[in-house]
Amino acid sequence: EAGVAQSPRYKIIEKRQSVAFWCNPISGHATLYWYQQILGQGPKLLIQFQNNGVVDDSQLPKDRFSAERLKGVDSTLKIQPAKLEDSAVYLCASSLARASGVGDTQYFGPGTRLTVL
Amino acid sequence: AQSVTQLDSHVSVSEGTPVLLRCNYSSSYSPSLFWYVQHPNKGLQLLLKYTSAATLVKGINGFEAEFKKSETSFHLTKPSAHMSDAAEYFCVVSAPYSSASKIIFGSGTRLSIRP
């Protein structure tokens, strides 16, 4: 079974530039998550989709971050404009959950390492 | 609101000795609790999870954790450490009905194994 795919794996940009990350979840997984993991910290949930709908975006900085999941499969996360403090690894995960998601196991991709100069 | 606290940022044990990684949580709801492991240059992987069934949960690679509601704890243990256990471990609380963030990761505990 193929795992969660993410691209690019690495990205270096200047502050105030824009950047986009792509995620392809495991086939058949209804729920998709984006996390930000700053060096030395645990992942922070940015947004959770169930199919096309947003379940939780309470920690997404909506003035500069946006995410979409078209057709309930692939997803993109965009930052515009980037700031120095956005340097982090951006992780995508997926899970089977079609209901509340209680106790659902998440499967993580390898992440995209973003450096903002 | 909910939160999770990993009480040790770094734990070092000798190979063959027991491992204890401590996690305390706070939640207004009946949460699910997880332990994930992150090996260097590898993705996060589920070790085990508690979802309101048995309070003693067994996971992969000989790890287990006990849910103690009275102590709001979910500590991770292993009877005998192996060199391959060296990694970063994250305790996670999930409460889908929370009005704030529904999934919270702890700050992580780095486990080192001495030969």
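Below is a short write-up of the structure. (Residues numbered from 1 in each chain as written. Chains lettered and ligands numbered in written order. Predicted model: local features only at pLDDT ≥ 70, side-chain atom pairs only at ≥ 80, totals over all residues. Heavy atoms only, no water.)

## Quick notes on the overall build of chain B
Spelled out, the test is: Going along the chain from the N terminus, every DSSP run of H or I of four or more residues is numbered as a helix, and every run of E of two or more is numbered as a strand. It is over C-alpha atoms that the radius of gyration is taken, and the globule rule equals 2.2 Å times the number of residues to the power 0.38. Exposure classes here rest on a 1.4 Å probe applied to the protein chains alone. A residue is buried below 20% of its type maximum, exposed above 50%, and partly exposed in between. Contacts were defined at the residue level, with two residues in contact if any of their heavy atoms lie within 4.5 Å. Values of accessible area rely on a 1.4 Å probe in the Shrake-Rupley scheme; residue burial ignores everything except the protein chains shown. Asp and Glu are treated as the negative residues and Lys and Arg as the positive ones, with His and the ends of the chain left uncounted. Every charge is mapped to an atom, namely NZ of Lys, CZ of Arg, CG of Asp or CD of Glu.
Counting its secondary structure elements, chain B contains zero helices and twelve strands. Reading chain B from its N terminus to its C terminus gives the helix and strand order β-β-β-β-β-β-β-β-β-β-β-β. In terms of overall size, chain B behaves like a compact globule, its C-alpha atoms giving a radius of gyration of 14 Å where 115 residues would be expected to give roughly 13 Å. A principal-axis box enclosing the C-alpha atoms of chain B has dimensions of 45 × 30 × 20 Å. Split into buried and exposed, the 115 residues of chain B put 47% on the buried side. For chain B, the share of sequence-separated contacts (at least 6 apart) that also reach a separation of at least 24 residues comes to 57%. Split by element, the accessible area of chain B, about 5500 Å² in all, is 51% carbon and sulfur. In chain B, 10 side chains carry a positive charge and 7 a negative one; their mean positions are 6 Å apart.

## Looking at the state of the cysteines
A covalent bond between the sulfur atoms of two cysteines is what we call a disulfide. Counted only if it meets this: Disulfide assignment relies on a single distance test, namely cysteine sulfur atoms paired within 2.5 Å.
Scanning the model with the defined rule gives two disulfides over all chains in all. With a sulfur-sulfur separation of 1.9 Å, Cys-23 of chain A is cross-linked through a disulfide to Cys-92 of chain A. Looking down the S-S bond of the Cys-23 of chain A and Cys-92 of chain A bridge, the torsion is -70°, so its handedness is left-handed. Note that Cys-23 of chain A is positioned in strand 3 (residues 19–24) and Cys-92 of chain A in strand 9 (residues 88–95), a separation of 69 residues in sequence. For the pair Cys-23 of chain A and Cys-92 of chain A, one class covers both residues: buried. Two residues share a disulfide in this structure: Cys-23 of chain B and Cys-91 of chain B, whose sulfurs sit 2.0 Å from each other. Residues Cys-23 of chain B and Cys-91 of chain B are joined by a disulfide whose S-S torsion is about -65°; by sign, that bridge is left-handed. Within this pair, whereas Cys-23 of chain B is found in strand 4 (residues 23–27), its partner Cys-91 of chain B is found in strand 10 (residues 87–94), the two being separated by 68 residues in sequence.

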